[in-house]
Amino acid sequence: MKRRAFLGLGAAAVAAGAGWALLRPASPGRLLRSTAPLPPKFRARLPIPATREGTAITIVQREADLDILPGLKTRAWTYDGTFPGPTIVSRRGTETVVTHRNELPEPTVVHLHGGHTPAESDGYPIDLLLPANGQPGHQHHGDMMMGAVATGERAYRYPMGQRAATLWYHDHRMGATAPAVWRGLAGFHLVRDDEEDALPLPEGDHDVPLMITDRSFAEDGSFRYAADHVEGVLGDVVLVNGAPWPVLEVAPVRYRLRLLNASNARRYRLALDPQPPGGAAFTQVGSDGGLLAAPLTHDAIDAAPAERFDVVVDFARWRPGTTVRLVDRLAGLDVMRFDVTGARQADDSAVPAVLSRTLEPLGPPKRTRTFRFRQSTDGTWTINDEAYRPGHALANPRLGEVERWRFLTDFHHPVHLHLDPFQVLSRNGHDVARYDMGWKDTVDVRPAEAVEVAVRFTDHTGLFLLHCHNLEHEDMAMMADFRVE
Ligand code: C2O
Ligand code: CU
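About the thresholds
Residues numbered from 1 in each chain as written. Chains lettered and ligands numbered in written order. Predicted model: local features only at pLDDT ≥ 70, side-chain atom pairs only at ≥ 80, totals over all residues. Heavy atoms only, no water. Helix = DSSP H or I, 4+ residues; strand = E, 2+ residues; numbered from the N terminus. Rg over C-alpha atoms; globule rule 2.2 N^0.38 Å. Buried < 20%, exposed > 50% of the residue type's maximum accessible area, 1.4 Å probe, protein only. Contact = heavy atoms within 4.5 Å. Pairing = 2+ DSSP bridges. Axes fitted to C-alpha atoms, helices over the stretch in contact; angles between N-to-C directions. Donors = N, O, S within 2.8 Å, 3.2 Å for Na, K, Ca; no water. Domains from an automatic or database assignment. Buried area = accessible area lost by both parts, 1.4 Å probe. Salt bridge = Lys/Arg side-chain N within 4 Å of Asp/Glu carboxyl O. Polar contact = N/O pair within 3.5 Å; in protein donor to acceptor, adjacent residues only side chain to side chain. Nonpolar A, V, L, I, M, F, W, Y, C, P; charged D, E, K, R; others polar. Core = buried A, V, L, I, M, F, W, Y, C linked by side-chain atoms within 4.5 Å.

A closer look at the overall build of the protein
Per the secondary structure count, the protein includes four helices and 36 strands. Its C-alpha atoms give the protein a radius of gyration of 21 Å, near enough to 23 Å, the size a compact globule of 485 residues would have. Each principal axis of the C-alpha atoms in the protein carries an extent, and together these give about 60 × 55 × 50 Å. Counting the 485 residues in the protein, one finds 59% classified as buried. Within the protein, contacts between residues separated by at least 24 positions form 77% of all contacts whose residues are at least 6 apart in sequence.

Describing the sheet that holds strand 7 (residues 110–113)
Pairing between the strands of a sheet comes from backbone hydrogen bonds, and it takes one of two forms, parallel or antiparallel. The sheet built from five strands is open, its strands ordered 2-5-12-11-7 with mixed pairing. Only two strands of the sheet have a single partner each, and these edge strands are strand 2 (51–53) and strand 7. Strand-to-strand twist of the sheet, defined as the mean angle between neighbouring strand axes without regard to direction, takes the value 25°. Both strand 5 (residues 87–91) and strand 12 (residues 186–192) contribute to a ladder of four bridges, which runs parallel. Paired with valine 89 across the bridge in strand 12 is leucine 190.

Details of the sheet that holds strand 27 (residues 367–375)
The strand order across the open sheet formed by five strands is 28-27-30-34-32, and the pairing between neighbours is mixed. Every other strand in the sheet has two partners, leaving strand 28 (381–383) and strand 32 (422–427) as the edge strands with one partner each. Looking at each pair of strands side by side, their axes are set apart by 20° on average, direction ignored.

Quick notes on the coordination of the copper ion (ligand 2)
At 2.0 Å from the copper ion (ligand 2) lie its protein donor atoms, namely His413 (ND1), Cys468 (SG) and His473 (ND1). Sequence positions of the donors to the copper ion (ligand 2) reduce to the motif H-x54-C-x4-H. Placement of histidine 413 in strand 31 (residues 413–417) and of histidine 473 in helix 4 (residues 471–475) is noted, with a sequence separation of 60 residues between them. This pair shows no difference in class: histidine 413 is buried, exactly as histidine 473 is.

So, the domain arrangement of the protein
With domains assigned, the protein is organised as domain 1 (51–197) and domain 2 (360–484). With 26 residues of domain 1 at the contact, the number on the domain 2 side is 26 residues. Of all residues in domain 1, His113, His116 and Tyr124 bury the most surface against domain 2, accounting for 31% of the area lost on that side. Here domain 1 and domain 2 share zero salt bridges between them. Across the contact surface, domain 1 and domain 2 share 20 residue pairs in polar contact (both at pLDDT 80 or more). When contributions to the side of domain 1 that touches domain 2 are tallied by element, the ones reaching two or more residues are strand 7, strand 11 (165–171) and helix 2 (177–182). Among the residues forming the side of domain 1 that touches domain 2, the class breakdown is 13 nonpolar, ten polar and three charged.

Structural notes on the nonpolar core
Among the nonpolar cores identified, the biggest contains 58 residues, and Leu210, Leu272, Met336 and Phe338 are the most heavily contacted of them. Here the element with the most residues in this core is strand 13 (residues 207–217); it accounts for five residues. Aside from chain neighbours lying at most four places away, what touches leucine 272 is Ala281, Phe282, Val313, Trp318, Val324, Arg325, Leu326, Arg329 and Phe338. If you look at the next biggest cluster of nonpolar residues, it comprises 27 residues, including Phe422, Val451, Met478 and Phe482.

Re the environment of lysine 440
Along the chain, lysine 440 falls in the loop between strand 32 and strand 33 (442–445). The spatial distance from the C-alpha of lysine 440 to the C-alpha of arginine 308 is 8.8 Å, given a sequence separation of 132 residues.

Concerning the pattern of salt bridges
For the structure on display, the rule yields 41 salt bridges. We note a salt bridge from glutamate 196 to arginine 256, for which the minimum N-O separation is 2.8 Å. Here glutamate 196, found in helix 3 (residues 194–197), pairs with arginine 256, found in strand 19 (residues 254–261); they are 60 residues apart in sequence, far enough to count as distant. Residue classification places glutamate 196 among the buried positions, given a relative accessible area of 6%. Look at arginine 256 and you get buried, because its relative accessible area is 3%.

So this is what it looks like as structure tokens:
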């Protein structure tokens, strides 16, 4: 969208009484400044999370003191002691059972974002996993609502009957997701399959997951968070795979970068600086739900919270010795740096002109449903004027039927559906935008927009979620159940 039009719509949303003020239109949230000294840029090396393969994986959720800032420790909530947690790698069609043990001081819920998962393993927000170390008889969790509760450990079963894709797992407890993810509860989960393996895309060390999160830090090094930033919490330090403004040394060859915006509220317009000669630095090969039908080139990529963009960058397009910054053009932030090193060399990877032949448009929808994402006059974020109530379904789609869902907004809301991915049909009555291609599970709906998607829920019945993935909005009730029947 053109910047002028964009500002105009932002102003219209304010005038319409959206209840927020003095926000830069590009920043759906409020900046929380660090009180710790900011770390230097481009000193840390990019960490790559450890990978875990297999059909039975155990993860311990526990506190850990991380080295993120020089000379300080950051007490984090982690999956297995690291932030991001370990990268789980599954094969399409092979069930993966992930057993989580909660050694944190509070209940948690695990959701596999993008997973085609039965309801009982989907991380419904009141299906709490209570801490293992709670004192018997002292397990009070206030007036927390509870669904299917487990204590200590819970096995989440993921059938993995889905295309190769970049998924991620994160906490999803009702009313408490935003601070839990901010404190570190997020990790990648990759699905691989034969279709993707047959392509000559960069692999091994040249296939790099990049989890981008903004955070703020208190003087003692702990994560600083502000529950009263109801529009969304924005940090002033950008972490990639948990390290502040890190550096990755790259050879002058192609790399596959799996970009994930795991920030609570911040949107990014990601670009490489300097651009390579001729621009079009990113060749997108995949979106939330895996491979696109054909590659798509971009100068910059707009990524809202929870969206994934799987891109190939050919570092042979810069002279060896060049430092290439990944930047955010919305807020003018640095994200990380790629240092192109070493001599030119043969590169047997490629991006084929056809990526996937299995991407068919969903058939004509049987019905249309409309969901309005709005802030109510009391400040609550609502869907169709309702604050989240577990068990109260706003829609009852039938298994296997194609539906058209329309999302209308007052403000920036990255809208996410559980269970199955969707295809974006239109934006404001026009064609889909450049970032809407392929199978998506999260779509960035900007102020005063109308986005239509086609979706078909398959295989699993029961209660699933529709919500805004600005995590502060989600916690402040912008979530709804739908029941697949
Ligand atoms: Cu990434 Cu319902 O969440
Ligand atoms: Cu929202």
